[in-house]
Amino acid sequence: MKKAVIGILAHVDSGKTTLSEAILYECGEIRKLGRVDHKDSFLDTDTIERERGITIFSKQARFSYKDTLFTLLDTPGHVDFSAETERTLSVLDGAILVIGGTDGIQSHTETLWQLLKRYRVPTFIFVNKMDMQGADKDYVLKRLSEKLSSGCLDFSESNELLDEELSLCSEALMDEYLDSGIISDGKAAKAIKERNVFPCYFGSALRLDGITALLDGLQRFIVTGEESENFSARIYKISDNANEGRLSFMKITGGRLSVRDTVTYKNRSGENITEKVSRIRIYSGEKFKNADCAEQGEVCAVLGLSNTFAGQGLGDDTSLALPILEPVLTYRITSDDKTIDSPTLLRYLRILETEDPSLGVSFNESTASILIQIMGKVQLEIIKRIMLDRFSVPVSFDTGCISYRETISAPVRGAGHYEPLRHYAEVHLLLEPLPRDSGLKFETDCSEDLLSRNWQRLVLTHLKEKTHKGVLTGSPITDMKISLVAGKAHLKHTEGGDFRQATYRAVRHALRHSESVLLEPFYDFTLTVPQDTIGKAMTDLNNMSAVFEAPLIDGNEAVITGRAPVSVMLDYSAELTSYTKGKGKLSCHTSGYDVCHNTDEVIEKIGYDCDNDIENTADSVFCSHGAGVVISWIEAAEKMHVSPDIKKESFDSQLSVQSASDFCRRAVQDEELMKIFEMTYGTIKREKRYAMRKPKEEYNPKKQKTVSVSEWAEYLLVDGYNIIHSWDRLKQYAKDNLDIARSQLINTMCNYQGFRQNNVIVVFDAYKLPNHANEIEKINGITVVYTKTAETADSFIEKTAHKLSKENNRVRVATSDGLEQIIILGAGALRMTANELLDEVNSVEEAIRAYIASLDV
């Protein structure tokens with residue numbers, strides 16, 4: 001039997017829950033039709049939902065229709081609970097978007113449409129309440145085509161023109177229509193899955209009209225994921241209460257999950273967690289049954305996983321579904337019960353935040369206050385009720401404020417240095433502005449010659465783990481790309497926490513030097529007023545810094561659509577009701593962030609002092625006379641140990657030209673090295689004295705200077721046989737003759753060493769040879785080691801790396817052996833894979849060839 005997960009989405013009061021009841025009743029899952037106004041609907045089981053007559057929490061129900069087992073997810077319709085709706089989208093095979101036949105497309109409907117588009121969810125449209133006076137099927141279908149997509153087509157009844165209309169939606173459909181004159185279900189289903197076609201059905205859920213046609217369409221045209229044997233799942237909801245325990249609601253997207261299975265996943269901090277599934281529940285309404293396993297296509301609730309979170313992938317699917325919608329309001333919350341202290345209140349709120357991550361609970365240590373972020377004021381009342389019902393804690397909120405954001409107007413560099421006694425880390429970052437609503441993006445553009453890969457990854461982790469504050473109002477930063485461009489660690493003294501401090505200071509240092517921009521949230525709005533009040537409405541909108549289109553006259557009403565700051569629209573509904581005598585209607589939905597319309601006023605009102613924010617300092621710490629000294633961010637740049645303008649390209653190019661020139665000239669002075677050189681780069685036919693210099697270049701040995709690129713000696717330890725069996729070219733030689741492969745590797749490393757002027761040690765195993773003593777050879781500048789009997793190359797490299805690192809040398813080990821990489825990190829060396837070494841070798845050879853090509857030979 002085919003298994004599919006569908007969701008029902010709608011603007012509030014469109015009849016979404018009534019449609020859910022009608023579907024379950026039609027399929028025989030319930031015996032009696034529940035109603036929202038009767039407070040007995042099958043899916044609105046929470047007491048608060050039944051009292052208010054709205055859906056607040058997503059619920060699931062199962063029903064079968066013909067050959068398909070459906071899991072139905074009913075989602076909230078109120079705009080304040082849009083985040084709950086968004087979280088379900090990542091697990092849907094298809095969605096039913098419900099639209100009122102008389103209300104038509106509302107502002108929140110457009111928000112839902114954009115979310116469905118973002119998550120690539122195939123969408124079926126059900127136009128409800130067609131039995132009401134004023135409902136016009138043709139008009140609604142025309143508006144759907146204009147406002148949503150031209151692919152919105154009437155599937156509700158047999159229509160000879162449907163195939164012809166379908167053929168206009170994609171090239172594949174047109175080809176089939178021209179070939180056969182009809183469109184097959186398979187082709188239509190594919191077009192629906194690819195969101196080229198959106199089937200529309202019309203009816204009345206309350207009267208069970210049009211339900212069968214909708215179910216037929218879902219059964220015929222919904223497409224599920226390809227079968228997979230490997231386990232994968234997507235979590236869309238967390239429920240955590242004392243009675244039931246912690247439930248992770250998920251859709252199984254591949255394979256199966258059984259009770260007592262072990263699941264390994266990463267928590268929010270990136271740490272690997274391994275836990276065993278203790279129970280699996282299959283819910284339908286408020287009832288559930290325990291199951292031994294859940295298979296692909298099913299939605300279940302799992303107990304036993306203590307660190308999961310909404311949007312997380314499990315098993316083969318490790319991706320994260322990051323939300324688009326963000327809260328726009330911030331409130332301070334306090335307990336009315338004086339026996340409840342702040343840590344206890346914060347603990348309860350953290351539980352709610354686990355279930356609804358959009359709450360954004362935070363604790364301000366400077367004011368000892370707890371802050372939460374919400375989508376709207378209705379959500380406040382729900383939180384009050386939940387806190388009282390679940391935790392017996394009465395709470396109250398202050399007047400609230402807008403959730404601002406900060407960004408930058410131009411690229412800027414910043415650096416952070418952290419060097420108290422026996423600690424060391426330095427980080428250089430580049431911050432670049434991104435388009436609005438892009439969020440934060442992190443990447444590294446730093447050479448591993450400057451900072452090893454493991455330290456670079458740690459810096460990126462520290463960039464992601466914290467909500468970085470801006471310098472104007474202390475609001476979170478957004479819409480920028482932060483790149484690691486340089487850094488430095490100490491072989492002995494650097495610890496993980498050092499880079500955390502340096503990274504935070506580097507971000508702040510860049511922001512202090514930047515031209516910051518304050519952003520505020522905006523609403524897209526639709527304002528409907530009587531014609532005689534249109535002048536007042538437009539004057540108000542102009543005063544609120546709104547941007548809007550010319551009014552559309554519809555009978556005795558005028559409809560104005562536009563965009564305005566949330567801060568000025570929050571309390572406008574009350575004023576609208578007053579001057580229109582209750583006839584006006586305002587519909588708003590969040591529309592991202594944009595430049596604040598009253599920046600100076602907001603900055604003055606908030607009164608944030610970035611210089612006194614000790615937790616987010618831009619100053620750096622340097623070591624002087626055995627103690628850490630704080631250097632102001634204004635002076636810190638001049639004292640950094642790595643140049644803030646260093647770039648990998650310029651570093652490598654300057655080094656390459658000089659190194660290639662020096663290496664080529666050294667080669668002509670050494671007969672054996674010259675043989676290797678000519679085997680690699682071809683015969684040099686010019687006189688040896690002038691072979692490696694340009695015609696106009698005067699040769700003066702006394703003027704040749706050695707280029708120093710570091711304070712310490714650099715060593716490269718190469719696991720010989722590991723490299724031979726990792727490089728395709730050497731692997732081919734080894735199949736025929738291992739001696740030739742060894743010689744080729746040695747010759748290659750001779751050229752490499754001559755270019756880089758470092759210390760290269762190539763180690764080969766001889767532990768299987770009986771009575772073999774340790775053998776060390778010097779070949780054209782490199783050291784070749786054959787280990788003694790019973791000694792592996794790994795153990796020799798480990799001991800040598802440890803010894804060299806203790807002598808304050810820079811040591812790198814080239815191997816693709818995973819265990820050996822871990823061991824050498826512990827020995828204080830830097831790891832390098834076989835492919836990374838090959839890339840460096842190729843770069844060396846390219847530089848030498850480029851230099852030879854520049855000579856007049």
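Scoring rules and cut-offs
Throughout, residues of each chain are indexed from 1 in the direction in which the sequence is written. Local features in this predicted model are restricted to residues of pLDDT 70 or higher, and side-chain atom pairs are both shown and tallied only at a pLDDT of 80 or more, whereas totals for entire chains, interfaces and linings draw on every residue. Side-chain descriptors were evaluated using all non-hydrogen atoms of the structure, hydrogens and water having been removed beforehand. Think of it in three bands: residues with accessible area under 20% of the maximum for their type are buried, residues over 50% are exposed, and the middle band is partly exposed, with areas taken using a 1.4 Å probe on protein chains only. A run of H or I in DSSP counts as a helix once it spans at least four residues, and a run of E counts as a strand once it spans at least two, with each numbered from the N terminus. By definition, two strands form a pair when at least two bridges between them are found by DSSP. To get an axis, fit a line to the C-alpha atoms, keeping to the stretch in contact for a helix; angles then go from 0 to 180 degrees between the N-to-C directions. It only takes one pair of heavy atoms within 4.5 Å for two residues to be counted as in contact. Working definition of a nonpolar core: buried Ala, Val, Leu, Ile, Met, Phe, Trp, Tyr and Cys residues. They are joined through side-chain atoms within 4.5 Å. The reported arc concerns the directions from the helix axis to the C-beta atoms and nothing else. Under this definition, polar contacts are N or O atom pairs within 3.5 Å; protein pairs additionally need one hydrogen-donor-capable and one acceptor-capable atom, and for neighbouring residues in sequence, both atoms have to be side-chain atoms. Each angle is binned into one of four classes, with values under 35 degrees roughly parallel, values over 145 roughly antiparallel, values of 65 to 115 roughly perpendicular, and all other values oblique. Each crossing gets its hand from how the near helix is turned against the far one by less than a right angle, where anticlockwise is left-handed and clockwise is right-handed. Polarity classes work like this: nonpolar for Ala, Val, Leu, Ile, Met, Phe, Trp, Tyr, Cys and Pro, charged for Asp, Glu, Lys and Arg, and polar for all others, with Gly in that last group. What makes a salt bridge here is a side-chain nitrogen of Lys or Arg within 4 Å of a carboxyl oxygen of Asp or Glu, nothing more.

Peer 1: It is not clear to me how the pairing of strand S36 (residues 759-764) should be interpreted in this structure. Could you clarify?
Peer 2: Consecutive residues of a regular strand have side chains that alternate between opposite faces of the sheet. For S36, a buried count of five out of six residues is recorded, marking the element as mostly surrounded by other parts of the structure. By the bridge criterion, five bridges tie strand S35 (residues 714-719) to S36 in an arrangement that is parallel. The residue of S36 that forms the bridge with Asp 719 is Val 763. Here S36 runs beside strand S38 (residues 782-786); their pairing, made up of four bridges, is parallel. The residue bridging Val 762 from the neighbouring strand is Val 784, located in S38.

Peer 1: What's the story with the sheet that holds strand S40 (residues 830-832) in this structure? I'm lost.
Peer 2: Either a parallel or an antiparallel arrangement is found when strands of a sheet pair, and the pairing is made through backbone hydrogen bonds. Taking strand neighbours across the sheet as the criterion, the six strands line up as S37-S38-S36-S35-S39-S40 in an open arrangement whose pairing is mixed. Of all strands in the sheet, those with a lone pairing partner are strand S37 (775-779) and S40, marking the two edges. On average, adjacent strands in this sheet sit at an angle of 20 degrees to one another, irrespective of strand direction. Relative to strand S39 (residues 810-814), S35 runs parallel, the two sharing five bridges. Pairing of Glu 714 across the sheet is with Arg 810, part of S39. Relative to S36, helix H23 (residues 738-756) is tilted by about 165 degrees, and along the sheet it contacts S35, S36, S37, S38 and S39.

Peer 1: Looking at this model, I keep getting lost on the nonpolar core. Mind explaining?
Peer 2: Generally speaking, nonpolar side chains in soluble globular proteins are found buried as a group. By size, the foremost hydrophobic cluster in this structure holds 52 residues, and its most contacted members are Leu 349, Met 387, Phe 525 and Leu 527. Considering every element that reaches this core, the biggest residue donor is helix H11 (residues 377-391), with six residues. Apart from residues no more than four positions distant in its own chain, Met 387 is found in contact with Leu 345, Tyr 348, Leu 349, Leu 352, Ser 392, Val 393 and Val 395. Ranked by size, the runner-up nonpolar core spans 40 residues in total, among them Ile 8, Ile 23, Leu 162 and Ala 189.

Peer 1: What is the right way to read helix H8 (residues 185-193) from this model?
Peer 2: The complete set of buried residues in H8 reads Ala 188, Ala 189, Ala 191 and Ile 192. Angularly, the buried residues of H8 cover 160 degrees about the axis, an arc narrow enough to put them on a single face. The inward-facing, buried residues of H8 abut strand S5 (123-128), helix H7 (171-180), strand S7 (198-202) and helix H9 (211-221). Two residues or fewer after H8 comes Arg 195, characterised by a positive phi angle close to 60 degrees.

Peer 1: Which parts of the structure should I look at to understand the sheet that holds strand S2 (residues 59-65)?
Peer 2: Spatially, seven strands are ordered S2-S3-S1-S4-S5-S7-S6 in an open sheet, and the strand pairing comes out mixed. Of all strands in the sheet, those bounded by a partner on one side alone are S2 and strand S6 (152-154). The average undirected angle you get between the axes of adjacent strands in this sheet is 30 degrees. Note that S6 and S7 share three bridges and pair parallel. Bridged to Leu 153 within S7 is Pro 199.

Peer 1: Mind showing me how you'd approach the side chain of Ser 620 here?
Peer 2: Here Ser 620 lies in strand S33 (residues 620-624). A polar side-chain atom of Ser 620 sits 3.0 Å from the main-chain amide nitrogen of His 417. Ignoring sequence-local partners within four residues, the contact set of Ser 620 consists of Ala 415, Gly 416, His 417, Arg 505, Val 629, Val 630, Ile 631, Ala 636 and Met 640.

Peer 1: So what exactly am I meant to see when it comes to the packing of helix H3 (residues 82-89) against helix H4 (residues 107-118) here?
Peer 2: Packed helices, taken two at a time, are described by the angle between their axes plus the distance between the axes. Two numbers describe how H3 lies on H4: the axes approach to 10 Å, and their chain directions differ by 30 degrees. Classed by the angle they form, the pair H3 and H4 counts as roughly parallel. In this structure, H3 meets H4 at a crossing whose hand is right-handed. Of the residues in H4, those in contact with Ser 82, Thr 85, Glu 86 and Leu 89 of H3 are His 108, Leu 112, Leu 115 and Leu 116. Class assignment of the residues belonging to the contact of H3 with H4 gives a composition of four nonpolar, three polar and one charged.

Peer 1: Sorry if this is basic, but what is going on with unusual backbone geometry here?
Peer 2: What is expected of a backbone is that most residues other than glycine have negative phi and most peptide bonds are trans. Its identity is not glycine, yet Arg 260 carries a phi of approximately 75 degrees, on the positive side. With respect to the helices and strands, Arg 260 occurs in the loop between strand S10 (256-258) and strand S11 (262-266). A relative accessible area of 63% places Arg 260 in the exposed class. Of note, Asn 780 is a non-glycine position whose phi angle comes to about 50 degrees, a positive value.

Peer 1: Just checking my understanding: could you explain the environment of His 513 for this structure?
Peer 2: With respect to the helices and strands, His 513 occurs in helix H13 (residues 496-513). For His 513, a relative accessible area of 41% puts it in the partly exposed group. Sequence spacing of His 513 and Ala 618 is 105 residues, and the spatial spacing of their C-alpha atoms is 10.0 Å. Here His 513 is in contact with Val 412 and Trp 633, once residues within four sequence places are set aside.

Peer 1: Sorry, what's going on with the pattern of salt bridges here?
Peer 2: Side-chain pairs of opposite charge can arise whenever the charged atoms involved come near each other. A complete count under the given rule lists 34 salt bridges for this structure. Residue Glu 295 pairs with Lys 3 through a salt bridge whose shortest N-O separation is 3.2 Å. Of the two residues, Glu 295 is situated in strand S15 (residues 293-295) and Lys 3 in strand S1 (residues 2-10); the sequence distance between them amounts to 292 residues. For Glu 295, a relative accessible area of 33% gives the class partly exposed. One salt bridge in this structure joins Asp 398 and Arg 332, with 3.9 Å as the shortest N-O distance. Residue Asp 398 is located in the loop between strand S21 (395-397) and strand S22 (401-402), and its partner Arg 332 is located in strand S18 (residues 329-335); the two are separated by 66 residues in the primary sequence.

Peer 1: Whenever I open this one, the packing of helix H12 (residues 453-465) against H13 confuses me. Can you help?
Peer 2: As a packed pair, H12 and H13 sit with axes 9 Å apart at the nearest point and diverge in direction by 55 degrees. Compared by their axis directions, H12 and H13 come out oblique. Every pair of crossing elements has a handedness; the one defined by H12 and H13 is right-handed. Contact residues: Trp 455, Leu 458, Val 459, His 462, Leu 463 and Glu 465 in H12; Gly 496, Phe 499, Arg 500, Thr 503, Tyr 504 and Val 507 in H13.

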